[in-house]
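Structural characterization, general
The primary structure of each chain is shown beneath.
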Amino acid sequence: MTKKILAIALTAALSCTALLAGCGGDTENTAETNSTTGGATLTMATNAEFPPYEYMESNEVVGIDVDIAQAICDKLGMTLAIDNIAFDSIIPAVQSGKADVGIAGMTVTEDRLQSIDFTDPYTTATQVIIVNTEGSTVASVDDLAGKTIGVQLGTTGDIYASDVEGATVEQYQKGADAVQALKQNKIDCVIIDSEPAKAFVAANEGLTILPDPFEEEEYAICISKDNSELKDKINTALSELKADGTIDSIVAKYIGSDAE
Ligand code: ARG
């Protein structure tokens with residue numbers, strides 16, 4: 001599973017790069033790509049339950065993905081609009097045109113590529129296991145069989161958990177709800193992305209992230225298959241933002257060594 005997802009992500013990255021090479025530099029007019037607002041607005045669907053990528057701060061969605069989206073909009077001369085919805089509604093929202101893009105710490109997977117396109121990846125991540133520090137029966141990935149695993153509905157953690165032999169998967173709308181269930185010993189562990197895991201463990205006493213390296217993933221922006229013009233523009237913007245260090249400094253702002 002690990003290698004498969006990674007291979008797909010790399011293939012996607014390579015084919016996007018190939019596409020990019022053939023695309024022109026017109027980043028001016030994207031107005032007609034947005035059918036819902038009719039203006040140069042980039043509507044980003046996200047799920048603000050995923051610190052530090054997207055979370056609520058005084059009634060505002062903030063985080064790495066929001067800053068990256070804003071930086072892309074600045075490059076493309078677009079205005080950013082944010083639609084905060086359930087994680088498993090993001091792909092349908094993008095497919096239907098309700099949102100232009102999904103930016104939600106979303107992992108590139110073979111399955112998702114069936115229904116949606118992805119830009120080039122903008123960062124990498126891993127899946128980790130959170131357990132109660134005291135009395136956990138899960139000490140590594142090898143102990144997962146037959147256990148009750150909490151996940152956020154529709155995430156890659158959900159998919160991995162479903163692959164574990166004999167495991168019961170408890171799906172929650174929010175990763176934070178899975179973490180609360182773990183604290184109450186309703187489940188044996190939580191499988192979730194590493195940075196949100198760190199944020200949840202920092203905010204809650206008595207939890208530990210198991211040290212094993214687990215699934216490696218790449219995050220990218222999802223976009224409708226029939227919106228390749230916008231995808232090319234975003235890829236161009238992304239490669240500039242990577243090259244000039246903007247992406248790195250956005251990530252460092254939220255994931256500094258002092259944030260741990
Ligand atoms: N990386 C995982 C996935 O793509 C989890 C993403 C969850 N993101 C969120 N904003 N809740 O499935």
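Quick look at the structure, then. Numbers given to residues run from 1 along each chain, matching the order in which its sequence is written. Whole-chain, interface and lining totals are the exception, using all residues; otherwise, since this is a predicted model, local features are given only for residues with pLDDT of at least 70 and side-chain atom pairs are given and counted only at 80 or more. Computation of side-chain values covers all heavy atoms of the structure but excludes hydrogens and water.

Strands pair in a sheet through their backbones, by hydrogen bonds, and they do so in one of two ways: parallel or antiparallel. Pairing within the open sheet is antiparallel, and its three strands lie in the order E2-E3-E4. Two strands in the sheet have a free side with no partner beyond their single neighbour: strand E2 (49-50) and strand E4 (60-62). Pairing between strands requires that DSSP locate at least two bridges from one strand to the other. Each helix is a run of DSSP H or I of at least 4 residues and each strand a run of E of at least 2, with the numbering of both proceeding from the N terminus.

Salt bridge, as used here, is a side-chain nitrogen of Lys or Arg placed within 4 Å of a carboxyl oxygen of Asp or Glu. Across all of its chains, the model carries six salt bridges by this definition. Glutamate 49 is the salt-bridge partner of lysine 174, the closest N and O atoms lying 3.8 Å from each other. Residue lysine 174 is found in the loop between strand E10 (168-172) and helix H6 (175-183), and its partner glutamate 49 is found in strand E2; the two are separated by 125 residues along the sequence.

The contact between helix H2 (residues 64-76) and helix H9 (residues 246-254) brings their axes to 9 Å, and the two run at 155°. With respect to H9, the axis of H2 lies roughly antiparallel. Both H2 and H9 take part in a crossing whose hand is right-handed. Mapping the contact onto sequence places Ile64, Asp67, Ile68 and Ala71 in H2 and Thr246, Ile247, Ile250, Val251, Lys253 and Tyr254 in H9. Axes, fitted as lines to C-alpha atoms, cover a helix only where it is in contact. Angles between the N-to-C directions of the axes lie from 0 to 180 degrees. Throughout, the term roughly parallel applies to angles under 35 degrees, roughly antiparallel to angles over 145, roughly perpendicular to angles from 65 to 115, and oblique to all others. The handedness criterion is simple: a crossing whose near helix is rotated anticlockwise from the far helix by less than a right angle is left-handed, and one whose near helix is rotated clockwise is right-handed. Any two residues whose heavy atoms approach within 4.5 Å are treated as being in contact.

With that settled, the discussion passes to the site of the ligand. Residues in contact with the ligand amount to 15 residues; listed here are only the nearest, Gly105, Thr107, Arg112, Thr156 and Asp193. One nitrogen or oxygen atom from the side chain of glutamate 54 is found 3.0 Å from a nitrogen atom belonging to the ligand. Taking glycine 105, its main chain carries an N or O atom lying 2.8 Å from a nitrogen atom of the ligand. Protein burial of the ligand: of its 350 Å² of free accessible surface, 100% is covered by the chains. When atom positions are compared with the pocket grids, the ligand is found to occupy the largest cavity. A molecule or strand has a residue near it when one of that residue's heavy atoms lies within 4 Å. Whenever two N or O atoms come within 3.5 Å, that pair is a polar contact, provided that in protein one can donate a hydrogen and the other can accept it, and provided that, for residues adjacent in sequence, both atoms are side-chain atoms. Here the Shrake-Rupley method, with its probe set to 1.4 Å, supplies the accessible areas, and only the displayed protein chains count as covering residues. Here the term cavity refers to a set of points on a 1 Å grid, laid over the protein atoms alone, in which a 1.4 Å probe fits but cannot get out; the term pocket refers to an open set having protein on both sides within 12 Å along at least five of seven lines, with lining residues being those that place an atom within 4 Å of a point. In this description, a molecule resides in a pocket or cavity if more than half of its atoms sit within 2 Å of the grid points defining it.

Stacked, edge-to-face and tilted labels apply to pairs of Phe, Tyr and Trp rings (six-membered ring for Trp) whose centres lie within 6.5 Å, assigned for plane angles under 30 degrees, over 60, and everything in between, in that order. This model, assessed by the stated rule, comprises four aromatic pairs. Pairing phenylalanine 50 with tyrosine 53 gives two aromatic rings, centres 5.8 Å apart and planes at 35°, and the pair type is tilted. For every residue, the accessible area obtained with a 1.4 Å probe (protein chains only) is divided by the maximum for its type, and the residue is called buried under 20%, exposed over 50%, and partly exposed between those limits. Residue tyrosine 53 is classed as buried on the basis of its relative accessible area of 3%. Ring geometry for tyrosine 53 versus tyrosine 219: centroids 5.0 Å apart, planes at 80°, classification edge-to-face. Of this pair, tyrosine 53 sits in the loop between E2 and strand E3 (54-57) while tyrosine 219 sits in strand E13 (residues 216-219), placing them 166 residues apart in sequence. According to the relative accessible area criterion, tyrosine 219 is buried, its value standing at 0%. Aromatic ring contacts, followed pair by pair, group Phe50, Tyr53, Tyr122 and Tyr219 into a single cluster.

A few words now on the packing of H2 against helix H8 (residues 228-243). In contact at an axis separation of 9 Å, H2 and H8 are set at 110° when each is read in the N-to-C sense. Here H8 runs roughly perpendicular to H2, going by the angle between their axes. Across the interface between the two elements, Ile68, Ala71, Ile72, Lys75 and Leu76 from H2 touch Lys233, Ile234, Ala237, Leu238, Glu240 and Leu241 from H8. Per-class residue counts for the contact of H2 with H8 are eight nonpolar, no polar and three charged. Three classes are used: nonpolar for Ala, Val, Leu, Ile, Met, Phe, Trp, Tyr, Cys and Pro, charged for Asp, Glu, Lys and Arg, and polar for all others, with Gly counted as polar.

A word on H8. Expected span, for any helix, means 1.5 Å times one less than how many residues it has. Taking 1.5 Å per residue, 16 residues should reach 22 Å; H8 reaches 22 Å between its end C-alpha atoms and fits that length. For H8, the complete set of buried residues consists of Leu230, Lys231, Asp232, Lys233, Ile234, Asn235, Thr236, Ala237, Leu238 and Leu241. Following H8 by one or two positions, glycine 245 has its phi on the positive side, about 85°.

Now for the sheet that holds strand E6 (residues 101-102). Reading across the sheet, the five strands line up as E5-E1-E6-E14-E7 and stay open at both edges, with mixed pairing between neighbours. If you trace the sheet from one side to the other, it starts and ends with strand E5 (79-84) and strand E7 (117-118), each paired once. Pairing between strand E1 (residues 41-46) and E6: two bridges, direction parallel. From the neighbouring strand, methionine 44 faces E6, where its bridge partner is valine 101. Relative to the sheet, H2 contacts E1 and E5, its axis offset from that of E5 by approximately 150°.

Interpretation note: all reported values are geometric properties and have no functional meaning in isolation.
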